[in-house]
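Analysis of the macromolecular model
Spelled out from the first residue to the last, the chains are:
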Amino acid sequence: QVQLVESGGGLVQPGGSLRLSCAASGFRLGYYAIGWFRQVPGKEREGVSCIKTGGGITYYEDSVKGRFTISKDNAKNTVWLQMNSLKPEDTAVYYCAVADPRYCSSTFGTSGDNYGPWGQGTQVTVSS
């Protein structure tokens, strides 16, 4: 059974850091892409980053470039999202999801409907 489990969320002050984990099981990670998305109640889901786990190619939403880094370890079947210089506007529930690698591209932020299954989400709150 395909499963994705996010962890690592929490409360952090502006300027701080968090590292989110996405643990995958039930499929061979290296053949797929993993995307990170976030959502605030009442607002549209937003693409954050994605990685082609086979080749390591990555894409980022403009607002997180230079602050967030996505990485993977195929042997551990895990993808991480390192978040530095966090801002209050980064507050959201963060989800990871799997997709065919073609949906990890410069337009991945509008490709959320092509991702699935999804993890349960982990809450990130940035506040002083």
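First, a word on what this report is: a plain description of the structure on this page. Quick caveat, the model's predicted, so the values are computed rather than measured.

A word on the sheet that holds strand E6 (residues 58-60). A sheet is described by the order of its strands in space; here six strands give the open sequence E2-E10-E9-E4-E5-E6, paired in mixed fashion. Only two strands of the sheet have a single neighbouring strand rather than two, namely strand E2 (10-12) and E6. On average, adjacent strands in this sheet sit at an angle of 20° to one another, irrespective of strand direction. Taken together, the three bridges between strand E9 (residues 92-99) and strand E10 (residues 122-126) define a ladder with antiparallel strand orientation. Note that in E10 the partner of Ala 92 across the bridge is Val 124.

This part is about the pattern of salt bridges. The final tally for this structure, using the stated rule, is five salt bridges. Measuring nitrogen to oxygen at the nearest pair gives 3.2 Å for the salt bridge that ties Asp 113 to Arg 45. Taken together, the residues Asp 113 in the loop between E9 and E10 and Arg 45 in the loop between strand E4 (33-39) and strand E5 (46-52) connect sequence positions 68 residues apart. Using a relative accessible area of 35% as the deciding quantity, one classes Arg 45 as partly exposed. The salt bridge involving Arg 67 is made with Asp 90; its shortest N-O contact spans 2.8 Å. With Arg 67 in the loop between E6 and strand E7 (68-73) and Asp 90 in the loop between strand E8 (78-83) and E9, the pair connects residues that are 23 residues apart, well separated along the chain. The same class applies to Arg 67 as to Asp 90, namely buried. What emerges from the salt-bridge pattern is a single network uniting Arg 38, Glu 46, Arg 67 and Asp 90.

Quick notes on the rules
- Residues numbered from 1 in each chain as written.
- Predicted model: local features only at pLDDT ≥ 70, side-chain atom pairs only at ≥ 80, totals over all residues.
- Heavy atoms only, no water.
- Pairing = 2+ DSSP bridges.
- Helix = DSSP H or I, 4+ residues; strand = E, 2+ residues; numbered from the N terminus.
- Axes fitted to C-alpha atoms, helices over the stretch in contact; angles between N-to-C directions.
- Salt bridge = Lys/Arg side-chain N within 4 Å of Asp/Glu carboxyl O.
- Buried < 20%, exposed > 50% of the residue type's maximum accessible area, 1.4 Å probe, protein only.

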